[in-house]
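Chain by chain, the residues run as shown.
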Amino acid sequence: MMLLKKLLYALLCACQIHHIFRYINREKVVALAYHGAVESRPSFPLWGQLEYKRFKEQIDHICRFYNVISIDWLADYLNGNRDLPNNSVLITFDDGYRNNYEVAYSLLLQKNIPATIFITTNFLTSGELLWFDQIAVSLHSYRGPLTIPFLNLDISITDENRGDQIEMLIQKCKTLDPMKRLDLIDNLKKLPDDKLPVNSKLQEILEPMRLDQVKELDRSPLITIGAHTADHEILTKCSLEEAESQILQSKKTLEKILEKPVHSFAYPNGKREDFNSNTQALLKKSGFNLAFTTVRRLVELDTSRYEIGRFCIGNDLSSFKPLFYLTLAGFIDNLKRCIRLKKDGI
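Residue positions are counted from 1 within each chain, in the order its sequence is given. Totals for whole chains, interfaces and linings use all residues, but because this is a predicted model, local features are given only for residues with pLDDT of at least 70 and pairs of side-chain atoms are given and counted only at 80 or more. Side-chain numbers here rest on the full set of heavy atoms in the structure, without hydrogens or water.

Colleague: How would you explain the overall build of the protein if you had to name every residue and give the values?
Modeller: Only DSSP runs of H or I with at least four residues qualify as helices, and only runs of E with at least two residues qualify as strands; both kinds are numbered from the N terminus onward. For the protein, the count of helices and strands is 15 helices and 12 strands. Throughout, radius of gyration means the C-alpha value; the globule benchmark is 2.2 Å times the number of residues raised to the power 0.38. Compactness check: the protein gives a C-alpha radius of gyration of 20 Å against a globular reference of 20 Å for 346 residues, within 12% of the reference. In terms of overall dimensions, the protein has C-alpha extents of about 55 × 50 × 45 Å along its principal axes. Categorising residues by exposure relies on relative accessible area from a 1.4 Å probe, with only protein chains included: less than 20% of the type maximum marks a residue as buried, more than 50% marks it as exposed, and the intermediate range marks it as partly exposed. Within the span of the protein, comprising 346 residues, buried residues form 53% of the whole. Every residue pair with non-hydrogen atoms within 4.5 Å of one another is taken to be in contact. Within the protein, contacts between residues at least 6 apart in sequence are counted, and of these 71% link residues at least 24 apart. Working note: accessible area of the protein is about 16400 Å², and carbon and sulfur atoms make up 51% of it. In the protein, 45 positive and 43 negative side-chain charges are present, and the distance between their average locations comes to 5 Å. Accessible surface area values rest on a Shrake-Rupley calculation with a 1.4 Å probe, where residue burial reflects the displayed protein chains alone. Counted charges follow a simple rule, with Lys and Arg positive, Asp and Glu negative, and His plus the chain ends left uncounted. A charged residue contributes its charge at one atom only: NZ of Lys, CZ of Arg, CG of Asp or CD of Glu.

Colleague: Give me the nonpolar core: which residues, what numbers.
Modeller: Put simply, buried Ala, Val, Leu, Ile, Met, Phe, Trp, Tyr and Cys residues joined by side-chain atoms within 4.5 Å make one nonpolar core. One finds Leu32, Ile62 and Ile91 to be the most contacted residues of the largest nonpolar core, which totals 65 residues. Among the elements that make up this core, the one with the highest residue count is helix H5 (residues 98-111) (6 residues). Leaving out residues up to four positions away in the same chain, isoleucine 62 has contacts with Leu32, Val68, Val89, Ile91, Phe324 and Leu328. Of all hydrophobic cores here, the second largest spans 31 residues; its members include Leu46, Tyr142, Leu184 and Ile185.

Colleague: Give a detailed account of helix H2 (residues 17-24), specifying residues and quantitative values.
Modeller: Within H2, burial applies to Ile17, His18, Phe21 and Arg22. In a view along the axis of H2, the buried residues occupy a sector of 135 degrees, so they form one face of it. Here the arc refers to the directions that run from the helix axis out to each C-beta atom.

Colleague: Could you give an account of the packing of aromatic side chains, naming the residues involved and the relevant values?
Modeller: The geometry of an aromatic ring pair is captured by the separation of the ring centres together with the interplanar angle, meaning the angle of the planes. Stacked, tilted and edge-to-face are the three classes assigned to paired rings of Phe, Tyr and Trp, where Trp is represented by its six-membered ring and a pair needs centres within 6.5 Å; plane angles under 30 degrees give stacked, over 60 edge-to-face, the rest tilted. Scanning the entire structure with this criterion turns up 11 aromatic pairs. Ring centres of phenylalanine 55 and phenylalanine 93 lie 6.0 Å apart, and the angle between their planes is 65 degrees; on these two criteria the pair is classed as edge-to-face. Taken together, the residues phenylalanine 55 in helix H3 (residues 52-65) and phenylalanine 93 in strand S5 (residues 88-95) connect sequence positions 38 residues apart. Judged by relative accessible area, which is 0%, phenylalanine 55 ranks as buried. Remark: a charge is flagged as sitting over a ring if the NZ atom of Lys or the CZ atom of Arg is within 6 Å of the ring centre and within 35 degrees of the ring normal. The ring of tryptophan 73 is capped by arginine 82, whose NZ or CZ atom sits 3.9 Å from the centre of that ring. Taking NZ or CZ as reference, lysine 251 lies 5.5 Å from the ring centre of phenylalanine 288, over its face.

Colleague: Requested: an account of the environment of arginine 272, with residues and values cited.
Modeller: The residue arginine 272 is located in the loop between strand S10 (264-266) and helix H13 (277-286) in this model. Each C-alpha atom, one on arginine 272 and one on phenylalanine 311, is 13 Å from the other, the two residues being 39 residues apart in sequence.

Colleague: Could you give me a rundown of H3, with the residues and numbers involved?
Modeller: The first and last C-alpha atoms of H3 sit 20 Å apart over 14 residues, in line with the 20 Å expected at 1.5 Å per residue. For H3, the complete set of buried residues consists of Tyr52, Phe55, Gln58, Ile59, His61 and Ile62. By definition here, a helix of n residues has an expected span of 1.5 Å times n minus one.

Colleague: If you had to explain the pattern of salt bridges to someone new, which residues and values would you point to?
Modeller: Salt bridges are defined by distance alone: a side-chain nitrogen of Lys or Arg within 4 Å of a carboxyl oxygen of Asp or Glu. On inspection of all chains with the given rule, the structure shows 14 salt bridges. Residues arginine 98 and glutamate 207 are paired through a salt bridge, measuring 3.2 Å at the closest nitrogen-oxygen approach. With arginine 98 in helix H5 and glutamate 207 in the loop between helix H10 (198-205) and helix H11 (211-219), the pair connects residues that are 109 residues apart, well separated along the chain. For glutamate 207, a relative accessible area of 23% corresponds to the partly exposed category. Each of Lys56, Asp60 and Lys111 takes part in salt bridges that share partners, so that together they form one network.

Colleague: Describe in detail unusual backbone geometry, supporting the description with residues and values.
Modeller: We note that glutamine 16 has phi near 65 degrees; this positive angle belongs to a residue other than glycine. Mapped onto the elements of the fold, glutamine 16 is located in the loop between helix H1 (2-14) and H2. One non-glycine residue, asparagine 269, adopts positive backbone phi at about 70 degrees. Given the relative accessible area of 18%, asparagine 269 is considered buried.

Colleague: Can you break down the pairing of strand S6 (residues 115-119) residue by residue, with the values?
Modeller: Most of S6 sits inside the fold, with 5 of its 5 residues counted as buried. Neither face of S6 is exposed, since Ala115, Ile117 and Ile119 on one face and Thr116 and Phe118 on the opposite face are all buried. Inspection of the sheet shows S5 paired to S6 by 4 bridges, in the parallel sense. Within S6, the position partnered with aspartate 94 by the bridge is phenylalanine 118. Once the chain exits S5 it traverses H5 before rejoining the sheet at S6, and the crossover so formed is right-handed. The pairing criterion for strands is at least two bridges between them, as found by DSSP. Crossover handedness is defined here as right-handed if the route from the first strand over the helix to the second strand goes clockwise, with the strands pointing away from the viewer.

Colleague: Before we move on, could you go through a nonpolar patch on the surface and cite the residues and values that matter?
Modeller: Patch construction takes residues with relative accessible area above 30% that form no salt bridge. Like charges are linked within 9 Å, and nonpolar side chains (Val, Leu, Ile, Met, Phe, Trp, Tyr) are linked within 5 Å. On the surface, a cluster of nonpolar side chains totalling about 500 Å² of accessible area is made up of Met1, Leu3, Leu4 and Leu7. Checked against the element boundaries, leucine 7 lands in helix H1.

Colleague: Got a sec to walk through the pairing of strand S9 (residues 223-227)? Specific residues and values, please.
Modeller: Counted residue by residue, S9 has 4 buried out of 5 residues, so it is predominantly covered. Of the pairings in the sheet, the one linking S6 to S9 comprises 5 bridges and is parallel in character. Across the sheet, alanine 115 pairs through a bridge with isoleucine 223, a residue of S9.

Below, the structure is given as structure tokens:
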């Protein structure tokens, strides 16, 4: 199935479909969601950490055919105060990895490209890895069976399937109670480990930015800092009180560090089920003006400021060149809309 998809996307690009749809969607905005960029690929592919060579190829293509705008420009556009250039693209990063500063920023600076970085604040201030990255590091060299009763999970990890199994486990853990998740991670850390040297390299790739790096980025006219909750908890899985705490804590922490207001927010995970009218009301109450999802759709003038869609780019089919070109051109968004209309009988 994967091969067939790749062949189809390659055929569409060979027929210049991406150029046609880039013209059709020229007045809309494509927002991209990255996580990290690394100089060299780790021992197994981490979904969110793009190798620099691939990241640069994507940025080069964007610079050739699109106009990259800042988040402030997008806000002005949605408020009806400013027009956009044709074929606008917004670049964002989630979580606040150190490689955003050490690897990605140098390219953005070289190309004079603006970007927004949404930071998970306890990741920043504690220096500890995000919970899902702790899972990846814990299983970086484990081989053998793994049973997790309360997840009804019974798997075997090999060198060949390690990346897929770790990603599957992370997805299952997203809806877990945080205390259960902590217990699970503690147990994973106790698994027998081959102590491969890749462990320290993997840890380094997944480390958060330092406070001085965040401050330096914020001083750059190219970079805007936004909030991504305190602990990367999915807000709709929290009580309203806990969701409000996650939102406010992240905002206050960043504003104290930066000594300026923070107005933009990205929902952890960001799928349709991960935000609702209650979370949007909490964001408005907390003083956020924009909130970003990972729902794959283009941004238009009538887009809700608290449901801005983004296209996630990672180490999967999303970075396959023909699909990446089609995504930027708006073809994927248009295709999804056609499918929804057909389902609704329109």
